[in-house]
Every structure is written in C-alpha cells, then in structure tokens.
Amino acid sequence: MNDVASADANIQIAMLEVISEGISGAILVYDKNDLIVFASQQLLALLSLPKTFLVPGTRLRDFLGAVYDGGGRFSADASGARRTTSREDWIADQIATLWKERAEIVERRDNDRWLSFTKRRLSSGYGICVIRDVSELKKREEQWRADMERVQITEEVLDNLPFTVTVKDRSHTFVAVNKAACKFHNLSPEAILGHKGEEFQPVELRERLEAINNHVLDSGEELSLPERLTRADGSEVIIVANKYRIGKPGRYFVVTTMQDLTRFIGVDDVSHDAIASMNKQEFIEWSLRRGERDRHLDSEVSSLANRKVLVVSADPQVEADALTLLGELQLDVSSVCAKEELTLFLQLAREADIQVDLVVVDGRMKAACAEIAATHGIPMIEIDAGEMSADLISAVSSHFRGMAGEMHGRQDGNWQIVEEDGEPDLDILVAEDNEVNQIVFSQILEGLGYRYAIAADGEEAVSLWRERSPRLVLMDVSLPKLNGFEASCAIRALEGEEARTPIIGVLAQAFERDREQCFSSGMNDVILKPISPEALETVFEKFLGEPQQRTTFAG
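Predicted model, so just to flag it, every value in this text is computed and none were measured. (Residues numbered from 1 in each chain as written. Predicted model: local features only at pLDDT ≥ 70, side-chain atom pairs only at ≥ 80, totals over all residues. Heavy atoms only, no water.)

**So, the overall build of the chain**
Within the chain, the regular secondary structure consists of 20 helices and 21 strands. Of all 555 residues assigned to the chain, the portion counted as buried reaches 46%. Relative to all contacts within the chain whose residues are 6 or more apart in sequence, the contacts with residues 24 or more apart total 52%. Carbon and sulfur atoms make up 51% of the accessible area of the chain, which amounts to about 29000 Å² in all. (Helix = DSSP H or I, 4+ residues; strand = E, 2+ residues; numbered from the N terminus. Buried < 20%, exposed > 50% of the residue type's maximum accessible area, 1.4 Å probe, protein only. Contact = heavy atoms within 4.5 Å. Areas by Shrake-Rupley, 256 points an atom, 1.4 Å probe, with all protein chains shown as cover.)

**Things to note about helix α13 (residues 339–351)**
Look at α13: 18 Å from first C-alpha to last across 13 residues, which is about the 18 Å you get at 1.5 Å a residue. Tucked into the core, α13 has its buried residues touching β11 (308–312), β12 (332–336) and α14 (366–375). (Expected span 1.5 Å × (residues − 1).)

**Looking at the sheet that holds β12**
The four strands are arranged β12-β11-β13-β14 in an open sheet whose pairing can be described as parallel. Either end of the sheet is taken by a strand with one partner, and the two such strands are β12 and β14 (380–383). Taken pair by pair, the neighbouring strands of this sheet meet at an average axis angle of 20°, ignoring direction. With five bridges joining them, β11 and β12 adopt parallel strand pairing. Bridge pairing links V309 to V333 in β12. Each of β11, β13 (358–362) and β14 is contacted by α14, which is oriented at about 170° to β14, the strand it contacts most. (Pairing = 2+ DSSP bridges. Axes fitted to C-alpha atoms, helices over the stretch in contact; angles between N-to-C directions.)

**Focus: the packing of helix α17 (residues 458–468) against helix α18 (residues 484–495)**
For any two helices packed against each other, the geometry is given by the interaxial angle and the distance between the axes. Orientation of α17 relative to α18, taken along the N-to-C sense of each, is 25°, at an axis distance of 9 Å. The angle between the axes of α17 and α18 places the two elements in the roughly parallel class. When you trace α17 past α18, the crossing you get is right-handed. Counted together, G458, V462, W465 and R466 of α17 and A487, A490, I491, L494 and E495 of α18 form the full contact between these two elements. Residues that form the contact of α17 with α18 fall into these classes: six nonpolar, one polar and two charged. (Parallel < 35°, antiparallel > 145°, perpendicular 65-115°, else oblique. Left-handed = near helix turned anticlockwise from the far one by under 90°. Nonpolar A, V, L, I, M, F, W, Y, C, P; charged D, E, K, R; others polar.)

**Considering the packing of α13 against α14**
With their axes 10 Å apart at the nearest point, α13 and α14 run at an angle of 10° to one another. Judged on the interaxial angle alone, α14 and α13 are roughly parallel. Across from K339, L342, T343, L346 and R350 in α13, the residues of α14 making contact are A368, C369, I372 and T375. Class assignment of the residues belonging to the contact of α13 with α14 gives a composition of five nonpolar, two polar and two charged.

**Points about the sheet that holds strand β3 (residues 102–109)**
Spatially, five strands are ordered β2-β1-β5-β4-β3 in an open sheet, and the strand pairing comes out antiparallel. Across the chains shown, the open sheet's two edge strands, defined by having one partner strand only, are β2 (36–39) and β3. Within this sheet the neighbouring strands show an average axis-to-axis angle of 15°, counted without direction. One ladder, built from eight bridges, connects β3 with strand β4 (residues 113–121); its direction is antiparallel. Along β4, the bridge assignment pairs A103 with K119.

**Notes on a nonpolar patch on the surface**
A surface patch of nonpolar side chains, amounting to about 310 Å² of accessible area, comprises V37, L122, Y126 and I128. Tracing the backbone shows L122 in the loop between β4 and β5 (127–133). Residue classification places L122 among the partly exposed positions, given a relative accessible area of 42%. (Patch = residues over 30% accessible without salt bridge, like charges linked within 9 Å, V, L, I, M, F, W, Y side chains within 5 Å. Salt bridge = Lys/Arg side-chain N within 4 Å of Asp/Glu carboxyl O.)

**So, the nonpolar core**
Grouped together as the largest cluster of nonpolar side chains are 24 residues, with contacts concentrated most on L28, L43, L47, F63, L64 and I131. Elements that contribute at least two residues to this core include exactly β1 (25–30), β2, α2 (42–47), α3 (60–69), α4 (87–98), β4 and β5. A total of six residues in this core trace back to one element, the largest contributor, which is α3. What F63 contacts, discounting residues up to four positions off in sequence, is L28, I36, L43, L47, L49, F53, L54 and T58. The next biggest cluster of nonpolar side chains, apart from the first, holds 21 residues, and it includes A453, L479, F485 and A487. (Core = buried A, V, L, I, M, F, W, Y, C linked by side-chain atoms within 4.5 Å.)

**Some words on the pairing of β2**
Sheet topology note: the β1/β2 ladder contains three bridges and is antiparallel. Each bridged residue has a counterpart across the sheet, and for V29 the counterpart in β2 is F38. A loop of five residues connects β1 with β2, the two strands running antiparallel in sequence, and D34 in this loop sits at a positive phi of about 60°.

**What to know about the side chain of E495**
Position of E495 relative to the elements: it lies in helix α18. Of the polar contacts made by the side chain of E495, one reaches the backbone nitrogen of T501; its length is 2.6 Å. Residue contacts for E495: discarding those within four places in its chain leaves W465, R500 and T501. (Polar contact = N/O pair within 3.5 Å; in protein donor to acceptor, adjacent residues only side chain to side chain.)

**Some remarks on the pattern of salt bridges**
Tallying each qualifying case throughout the model produces 16 salt bridges. A salt bridge links E104 to R120, with the nearest nitrogen and oxygen atoms 3.1 Å apart. Here the residue E104 occupies a position in strand β3, and R120 occupies one in strand β4, the gap between them amounting to 16 residues. Classification of E104 by relative accessible area gives exposed; the value is 55%. Overall, the relative accessible area of 22% leaves R120 in the partly exposed class.

Below you can see the structure in the form of structure tokens.
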C-alpha cells in the first residue's frame, strides 16, 4: 500500500512538472497549514532563490523570506505600485494574499522584466499560485501603447491641417479624411468614409480621378495636378492636388492633398481647360505674372484716366462686366446695346466735337459694328461674351500704350496687334490652346523681339499660316478641331512645291511614337514643354539664322 501511495505521489509530481512546462510558468501548491506541497523547478529561474526552499513541507513563511532576501520583493498591492515595508510585514502581506479566494497581480522585476501571479485558494484549503514571465507581452503592450499614441498624434495633426487630406484604397473607396476635406465637401466623415464619391462628385470628374489614381497606385509615381473645382456651396476654387502612394504590395493606398491657390491666381483669370492642363510650376509662373501684371497696370491707371471708351453689347451682363473692368482703369466709359445706337452715339459725339478713343464690341455684334467704327476712324476691340476677364484690361491698356495701332481680339480671349497701314510681317506663328502656355509663349517671344500671333486650334493655325506667311510655326500637337499633326499635314499640302515653312512640334512628353508622328506629318523638329527662352532661341538660330533687329509685337 505504501509503495502504491508513493507511486501515485510521484505520478502527481511528474504531472505537475509537465503542466508547469506546458504553461511556460512555475507552479506552487501549498496546504491549509501554509506548507509547500509542490514547487516546480521553474521557480528557481523566476524568483532567484536556493533550491532547498522548494522541498515539500517547507513553510511558506521561510519560502517567502528566501524570495525577499533574493531581491524578489514583489508587492501584494494589486495596482502594481511598490511599497517600502519591512521583511516581516512584506511576508505577512504575501501570506494574506495567498489566502484570498483569487488574486491576479502583475509585478515588475528589474527594468525590463515582468512577472504574473495568479493565485487561487480552494475550498479544501489547498492553494495554488501560478507564476509566469510576461515580459515580452508587457513590452508588446507598451510598444502598442506608444504606437497608438503616435497614431493619435498623427491623426490629430492631419485632422487639423489647413488643407484637405483624403486616402483611398484600390477600389477608390475613401478610407480616411481630415476635417478640411469634410468641410470642403460639406459632409460628415460618416458620409464620406466607405463611399466612392458618387454622392458628391460629378461623374466625369470621378471617372477622370479614378484613372489618375489607378496610375499612381500602379506606378508609384507622385503627381501634382491643378484643378478648378466647385465647392458644395457653389463657389469655385483653384487647387493643386498632390497624389502619392503609400502601403505595401497588395495593399496600396493613394493619398491626395489639396492646396487652395485661388487667392494667388484668381478664379476669374484662367479658364477650366487652362487649369486642367497646368502643372504646379506653371501655377507659380502664372501667379507671379499675374501679380506683376496687376502692379504694372496700377502704375498706368493715371495715364489712362479720362480716355473715352464705348462698349457695345446687347447682353446686359457682358455690358456690366465690361463697364466694371474698364472702370478700374479710370476710363470714361459709356455703353450702347445696338448698332443703331452706336451710329447715333458716334454721330452726336462728332457733332459735339467729342473724341471717342476706342470701341469695345461684343463678338456677337462684330460684323454689324466693325464698319460703323471704321467709318468714324475709331479703333475697335472685340470681346468674347463667354470669356469676360481681366484680359480685357490688359488689351485696352496695351492699346493705349501705343504698342501698335488697332487691336482686334479673338474669341478665345487672346489679342493680336495689327498696324493701321496693314498687317506686319509675321516671324512666329504659335499654335497653342492652353491659355497659360499662350502667356508663356507671349512673354518669351516679346522678350526676344519677334513678331508673332497665336492660334487656339488647328484650323485657325492653318488659316493664319495662309494669311500671314510666318517664318516659323511652333505647333502644339494636342489642339482642338485639327490636332497638330493634321494641321502640319494641311500646311504642307497647301505649300505644294514652294519653300517649306519650318514647323516645330511642341510635345508635353517625350514619347517616341509622338516624335515619329511629328516627323511623318511634315514637321522639321520637336521641343518639349515646359518651354524656355533658351530652347526657343536654339530653334530660331537653327531654322531662322542669327536674329536681326526686330520690333516687338504682342500676340
């Protein structure tokens, strides 16, 4: 019987050791007399005490005294706060916790070591204490807590940025937005997150943005795209959208930030099509030119004061806009709304010996009014009802500066100069539909001293080439009506066997297929955007020879 009992005891001890190894912790079992029944060997590593104190029958008081002496003075305070107590008080506190029905404590040992104590007192009086090293778990918890704090700080920073920030996943679903983005769309975060923009973005805009976002997600290329957008309140803004990719393969996101540049550029100074084709550098150049233009015009206001200008338009809105713009120059402005009124007004002015200096006519009334103005010998400028802008100010001020004689505007809002005794010889014909690029070409060609004109589409380029016989053509390839390739072929067909006009293709990107198509359509060479004075000078020296003294004309 004693042998059997002894064998059972050994089996129980062996099972407890296996369980101790299985849970990666130490097990301490004690009876109602506070004597140790079983202590696993892992206690030696966890509590740094002599092996003799693990022998069954050892008093808990002696066991705990050895733990205290070995530096393992873990606190009985469940909050984990250490207390400075005497050896006897500390032992008494520990025994008290071992008599609780259940207690769970995590204690810090040294700087980077944590121990977990799980204590249970059974109804039979036996007690069990499981001790485990939870240092790695605590480190992960602390790292997680630090990461969460960083995430919260980052989210707070992003949420309070003055410009919009949005994040979309591969399916073009919004997964993150900041406060500025919600304000821009006039929607709550809940109305944006998890959606693809169907509720608050026009179909055409959404489809175009999805194509751009796919390119960023697939290529990883960062993009800066100008846009002219309408807010939820109906106001228009000009922005630069910066797009870039984050994440890992298979889990990419596209981040979009939008910077509002309206106050630098002016929403009325540039069309939607021009905005769509501008890059960030062109935005900066436009802003600088606009500021310089405004300062220059301010200095000229006094010289234009009291000049007499007559506006002719049957459209009350066009009339009002023109009067407002020209009034900024302190001009003496009047208006009429029909050709009959124009005739009567000019007759009365002549009889009263009043000199009308300029007639500004709505483009839709040009044919009816041109002859009347010419009969009275008064220069005329045509304005486009759909593109009323501060370009009118620039055109009128240029006219009165005496840069040339009579100025005739085209419907795209660009201006060309015509001498009173006939059109001047034309050095350069620029075929370009982008309004900002038109300004860039104009400033460079004016600076170099070339006579030039600007065509806004392929058909106009062919027509101006036929009428003005330019010495060289700068041909953008992406033109409306006729593209640059088609316009070049048309010019070559009209030339026949005559001397060929140099035609230079202007490309936005250096794709080999575009270069080949330029040459196959009859072009002599190609240059790339953005255009610089140095690039144009190189072309002119190559095809026109060393420049002679030239007179400057604006186009």
